[in-house]
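# Notes for the structure review
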Amino acid sequence: MRTCVKTYRENKKPGMKVTGSEAVLLSLLEEGVDTLFGYPGGAIMPFYDALHLNDGCFNHVLTRHEQGAIHAAQGYARVTHKTGVVITTSGPGATNILTGLADAYLDSTPLVCFTGQVVGNLIGSDAFQETDILTISMAVTKWNARVNRVEELPELIAKAFFIARSGRPGPVLIDLPKDVMMSKMAFTYTQVQSLRTYEPKMEPDPDLVAKAAQWLNNAQKPMILFGQGVVLAKAEEELRQLVEQSGSPAAATLLGLSALPASHPLYKGMLGMHGNYAPNMKTGEADLILAIGMRFDDRVTGTVSTYLKQARIIHVDIDPTELNKNKEVDLQIEADAKAFMQRIIPMIQPADRTAWSDSFTPLYEEEFNQVIKQDISPRSGKIKMGEVIRKLSAGVGEKAILVTDVGQHQMKAARYFPLDRPRTLVTSGGLGTMGFGLPAAIGAQVGCPDSTVVAIVGDGGIQMTIQELITIAQEGIPVKVVVLSNGYLGMVRQWQELFFESRYASTTLLNPDFVKLSEACGVPADRVEKREELDEKIHKLFHTPGNFLLEVVVEKEENVFPMVPPGAAVTEMILK
């Protein structure tokens, strides 16, 4: 039995002769990787053989589909600030991760994905299970490469990890021909700290920071809009200091949630199409917008031509391609969010903007009376998503991580599951990937084993990756899965109701018995159909050791409000 990986880890003998597969494992060790998500196959078999011979060096999570593996790696990366690692075989194994690559690319999630490939002399011959994954994945990766010689492996892997996690993070793909994995080399490894052709700008221009500080100090009605860039920069504490010192009301994008505690008095809620009424409406009154680590996505801006016409806009982002891309601004600052806030905070004059902050309250009360109260504490009728989510939030305890799929339940969860700790939301933002939630929860739980991971999913989305229930059972992953079941593709149905005269075209679902299906997979389960059962079953969910699935049958035609109608300005948000 070869034990080169164990030997290297214990004695570190550079220059030792190893196979390409062993070189991959050794490179991963050098990058601090201890967890892999993957699915074996013919072309990647030499890697899995080396992994098996070095059992105990890595925790490998065997999912039931490659899409499940990459979403799990995303969940892991999002909660740990580490780079997720994915292993697949060639051909269909490689193409099955494309959705996850696109999702990670849009949501700035650092991944390194290894795809097996046919032997080098067969590349381009349409060999069995061959696809040109480099060309196919080019549009949804930060960088990709094929290893042509075994000696290239350590250098390319070091480069891959540097690119994946530096600047604006994202996914990287390395294609591994089978013969490269079986060849031998003398192994040495040097981590990459910089690349001449790729130098993310971390530090802001001091003159621009001074100008931004002057504008913020002079503003009467400033607002701070923040996104996931704050989370990725580990800048939550700097954000809190900036908000408090400037006295500025602050609002989050969907992926920015948890960067500022939901309980903070200057936190005004979520921006966007189904966000909170007050912050959306008040963007139309602000005289200064300081946008940090967000990209003015169309779901945030509504009609761009009418968005923030009255305000000076300062946009801070580490990715220069995002500056002036969606929204033309008055001051653009290319920099890391943490570095920017560390520079500007000493320049900010403490200000009392209580009157401006308090002016959000009547709008919040209007939203509460017309929307929130009916969502979280209905007096009659069928169970509503909002009341389930609020009860889940109250029952889960302090160490909760919220993972959602995509759809109505996602927006309800973002609104009614308050997050006070950083990095406690995992959801698909830019791509809106149904099927994301269940496997992402697996990765989040593996990454944070001491937390309670609650996966809130819809009955449509879970069926796209429901096979991962078996992964949860086999790996003993104690995820708590809550299926909000309304028998529809709910968000599509809502649009059909509101904008297509209630023509429910192909949105009605015939669902399996989720309880029986879950139990058949080895995951205990229960169902709630009556409101009076809800508290008892939620208690059972959280107090049953290990994993558990709870299906809650909710109102069939419930809608998500407030809402910015398509083609409208955010200040034209409707409450019903």
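Everything below is about the structure printed above this text.
## Quick look at unusual backbone geometry
It is generally the case that most residues other than glycine have a negative phi and that most peptide bonds are trans. For the bond running from F561 to P562, omega is 0°, close enough to zero to count as cis. With respect to the helices and strands, the residue P562 is situated in the segment after β20 (548-553). The residue N324 is not glycine, and still its phi comes out positive at about 65°. In the Ramachandran plot, E501 falls in the positive-phi region, its phi being about 55° despite a non-glycine side chain.

## Thoughts on the sheet that holds strand β2 (residues 35-38)
The strand order β3-β2-β4-β5-β7-β6 describes an open sheet built from six strands, whose pairing is parallel. Where the open sheet ends on each side, the last strands, each with one partner, are β3 (59-62) and β6 (143-146). Between one strand axis and the next, the sheet turns by 20° as a mean value, whatever way the strands run. Of the strand pairs in this sheet, β2 and β3 are connected by four bridges, and their pairing is parallel. Bridge assignment links G38 to a residue of β3, and that residue is L62. Packing against the sheet, helix α3 (residues 45-53) makes contact with β2, β3 and β4 (84-88), and its axis sits at approximately 140° to β2.

## Some points on the packing of helix α2 (residues 20-30) against helix α8 (residues 153-165)
Two elements in contact, α2 and α8, have axes separated by 10 Å at closest approach and are oriented at 35°. Both α2 and α8 take part in a crossing whose hand is right-handed. Touching G20, A23, V24, S27 and L28 of α2 are L153, P154, I157 and F161, all from α8. Partitioned by chemical class, the residues of the contact of α2 with α8 number seven nonpolar, two polar and no charged.

Cut-offs and rules
Residues numbered from 1 in each chain as written. Predicted model: local features only at pLDDT ≥ 70, side-chain atom pairs only at ≥ 80, totals over all residues. Heavy atoms only, no water. Helix = DSSP H or I, 4+ residues; strand = E, 2+ residues; numbered from the N terminus. Pairing = 2+ DSSP bridges. Axes fitted to C-alpha atoms, helices over the stretch in contact; angles between N-to-C directions. Contact = heavy atoms within 4.5 Å. Left-handed = near helix turned anticlockwise from the far one by under 90°. Nonpolar A, V, L, I, M, F, W, Y, C, P; charged D, E, K, R; others polar.

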